[in-house]
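Analysis of the macromolecular model
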Amino acid sequence: SMKLSDGGIICDSCLKYASDAFIHYHLDSLTVNDFKEYISQKRAERARLLSQFEKTKTFRITGQDILYVDEEKGLWYDASDRNPDMFRLDQVRDCYMADEIPRTHKDIHYPSIEDDPIYEVIVFKLNHPFIKCVQLVLTNTKSPTYSEDHKLCNDIVTYFSRANGN
């Protein structure tokens, strides 16, 4: 369960309906009513969009699907999220690589920089009613496939920047 800014609590069974992006990047100001509205809108919208989604582009890193894109409809989502939100390409305000994991919430465990390698992260700044940022932790700098992974990260940033006219 998770305690919210208004003192309310979201139980574990309700949390499973939220995307990782929503949980990780929205909790500091989240109220119970915000959560209920998000889940209500997300269920209806996600079911409709997924039924129409045609995967035309897949981004993979180290053999794992990372992002799926429907270029015709201008939609995308994080393939690694257990319960992803779907976004429009035109909702991406900015997309860039960061060379470490931004620590955005005190309740989330992040690798210690002293103990672990630096991780490369793609940051998507969004114009979305509930989610302002999606961060994909993609590769660590000590990986034997880092050079190839880094190029793929650049390809993702370039794609999303061009798709949105940045």
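Structure report, in brief. (Residues numbered from 1 in each chain as written. Predicted model: local features only at pLDDT ≥ 70, side-chain atom pairs only at ≥ 80, totals over all residues. Heavy atoms only, no water.)

Next up on the list: helix 4 (residues 146-163). Relative to the 26 Å expected for 18 residues at 1.5 Å per residue, helix 4 spans 25 Å between its end C-alpha atoms, a close match to the ideal helical length. If you check which residues of helix 4 are buried, you get D149, C153, I156, V157, Y159, F160 and S161. (Helix = DSSP H or I, 4+ residues; strand = E, 2+ residues; numbered from the N terminus. Expected span 1.5 Å × (residues − 1). Buried < 20%, exposed > 50% of the residue type's maximum accessible area, 1.4 Å probe, protein only.)

For the rest of this paragraph, the subject is the pairing of strand 4 (residues 64-70). Burial analysis of strand 4 places 6 of its 7 residues in the buried class, which makes it a mostly covered element. Relative to strand 4, strand 3 (residues 57-61) runs antiparallel, the two sharing 5 bridges. In the strand pairing of strand 4, I61 is matched with Q64. Hairpin connection of strand 3 to strand 4: 2 residues between the antiparallel strands, including T62 at a positive phi of 50°. With 4 bridges joining them, strand 4 and strand 5 (residues 75-78) adopt antiparallel strand pairing. Bridge pairing in strand 5 links Y68 to Y77. (Pairing = 2+ DSSP bridges.)

The next thing to look at is the sheet that holds strand 5. Reading across from one edge, 3-4-5-6 is the order of the 4 strands in this open sheet, with antiparallel pairing throughout. In this open sheet, the two edge strands, each paired with only one partner strand, are strand 3 and strand 6 (86-88). When the angles between neighbouring strand axes are averaged without regard to direction, this sheet yields 25°. Sheet strands in contact with helix 4 are strand 3, strand 4 and strand 5, and its direction is about 150° off that of strand 3. (Axes fitted to C-alpha atoms, helices over the stretch in contact; angles between N-to-C directions. Contact = heavy atoms within 4.5 Å.)

On to the pattern of salt bridges. Scanning the model with the defined rule gives 5 salt bridges in all. In this structure, E54 engages K73 in a salt bridge whose closest nitrogen and oxygen atoms are separated by 3.5 Å. Placement of the pair is E54 in the loop between helix 3 (32-52) and strand 3 and K73 in the loop between strand 4 and strand 5, with a sequence separation of 19 residues. A relative accessible area of 48% places E54 in the partly exposed class. Linking K73 and D70 is a salt bridge whose minimum nitrogen-to-oxygen distance equals 3.4 Å. (Salt bridge = Lys/Arg side-chain N within 4 Å of Asp/Glu carboxyl O.)

The terminal C-alpha atoms of helix 3 lie 30 Å apart, and with 21 residues this matches the ideal 30 Å at 1.5 Å per residue to within 8%. Of the residues making up helix 3, those classed as buried are F35, Y38, I39, K42 and L49.

Time to look at the environment of Y68. Looking at the secondary structure, you find Y68 in strand 4. A sequence separation of 10 residues divides Y68 from D78, and the C-alpha atoms of the two residues are 6.6 Å apart. At 2.5 Å, the side chain of Y68 and the side chain of D65 are in polar contact. (Polar contact = N/O pair within 3.5 Å; in protein donor to acceptor, adjacent residues only side chain to side chain.)

Moving on, we come to the nonpolar core. Counting 34 residues, the largest nonpolar core has L67, W76, F124, I131, I156 and F160 as the members making the most contacts within it. Within the residue set of this core, elements represented by two or more residues are helix 2 (20-26), helix 3, strand 3, strand 4, strand 7 (92-98), strand 8 (119-126), strand 9 (133-140) and helix 4. For this core, the leading source of residues is helix 4, giving 5 residues. Sequence-distant contacts of F124, that is, excluding residues within four places in its chain, are made with L67, W76, V92, D94, C95, K132, C133, V134, L136, I156 and F160. By size, the runner-up hydrophobic cluster in this structure holds 6 residues, among which are F53, Y68, L75 and M86. (Core = buried A, V, L, I, M, F, W, Y, C linked by side-chain atoms within 4.5 Å.)

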